[in-house]
Amino acid sequence: MQGVYSHRSTACACDMTFGLFLPARAEDGPVPVLWYLSGLTCTHENAMVKSGVQRWAAEAGIAVVFPDTSPRGEGVANDPDFALGQGAGFYVNATQTPWAPHFRMWDYVTDDLPRLLFNAFPLAEDVQGITGHSMGGHGALTIAMSFPGRFKSVSAFAPICNPTASDWGRMQFSAYLGNDSTTWSPYDATLLTKKRGFDGPMLVDQGTADQFLDKLCPEALAEAMATARQAGTFRMQKGYDHSYFFVSTFMEDHVAFHADAFLA
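In this report, the structure presented in the accompanying data block is examined. On a predicted model such as this, the values are computed, not experimentally measured, just so you know.

### Points about the sheet that holds strand E4 (residues 63-67)
Thought 1: Pairing is mixed in the open sheet, where 8 strands are placed in the order E1-E2-E4-E3-E5-E6-E7-E8. Every other strand in the sheet has two partners, leaving strand E1 (2-9) and strand E8 (232-237) as the edge strands with one partner each. Neighbour-to-neighbour, the strand axes of this sheet turn through a mean angle of 20°, independent of strand direction.
Thought 2: Pairing of E1 with strand E2 (residues 14-21) involves 8 bridges; the strand directions are antiparallel. Its bridge partner lying in E2, His7 is registered against Met16.
Thought 3: On the sheet, helix H2 (residues 53-60) packs against E1, E2 and E4 and is oriented at approximately 145° with respect to E4.
Thought 4: Sheet contacts for helix H4 (residues 135-146): strand E3 (31-37), strand E5 (123-132), strand E6 (153-157) and strand E7 (202-207); angle to E5, the most-contacted strand, approximately 135°.

Shown next, in the form of structure tokens:
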């Protein structure tokens, strides 16, 4: 069953919407859960409609959560630039005006929404994985590395790998977090890989024809994984761009990757 739900978020101080796919196996009890974090300009709906993940999740008996990418609604700050404001929460806790009152997507995804989900649905809190695309890949990697033991596996499609050194990161972090760049490092997957890494398997797919390669900085994360001897696989997929065609093509691999980790 694919559902769409809304609730009042304490973290974001507004109403939030999320999607949740439950496999048939959930009728018999709690099932493993895979978090899917979406990218810039997306809502909960994009991956839910375009990724094809439900087919593979149904076969594996895995639930999939599709959070929104930012707070929304009347009174929530916005910016005409697609890369900032509504649709571009970057999975951080904003500290700066006018973003701080609502843009607390880190707390929303790691605390607020999980408490609701595990209380209301048949989900196994001790069997979780996390994945995401682009901005969502950045969120998946940083959250996984920041909560040791919570996630059994992490994967990402074309993640923003090194936002503190990228045009997709520096502008948003300065707006949301201020100009002190020392406050940015907890939200950078490359820096976190060098500092602590992830205590489980990691899978990253990146298209070689991605039109945003210079902003994503995949080479920085690949180098950090090698230097830190991070358990994982980094794949450059020839000819693929940044689109949901790329995501849907390799979604079966990613669901299988998480399913294997759940059984380990």
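### What about the pattern of salt bridges?
Thought 1: This model, assessed by the stated rule, comprises 8 salt bridges.
Thought 2: Residue Arg115 is joined to Asp111 by a salt bridge in which the shortest nitrogen-to-oxygen separation is 3.2 Å. In this pair, Arg115 and Asp111 both sit in helix H3 (residues 105-120), 4 residues apart, roughly one turn of the helix.
Thought 3: One salt bridge connects Arg170 with Asp167, and the closest N-O pair in it is separated by 2.9 Å. Of this pair, Arg170 and Asp167 both sit in helix H5 (residues 167-177), separated by 3 residues, roughly a single helical turn.
Thought 4: Within the structure, one salt-bridge network assembled from shared partners comprises Asp111, Asp112 and Arg115.

Cut-offs applied
- Residues numbered from 1 in each chain as written.
- Predicted model: local features only at pLDDT ≥ 70, side-chain atom pairs only at ≥ 80, totals over all residues.
- Heavy atoms only, no water.
- Pairing = 2+ DSSP bridges.
- Helix = DSSP H or I, 4+ residues; strand = E, 2+ residues; numbered from the N terminus.
- Axes fitted to C-alpha atoms, helices over the stretch in contact; angles between N-to-C directions.
- Contact = heavy atoms within 4.5 Å.
- Salt bridge = Lys/Arg side-chain N within 4 Å of Asp/Glu carboxyl O.

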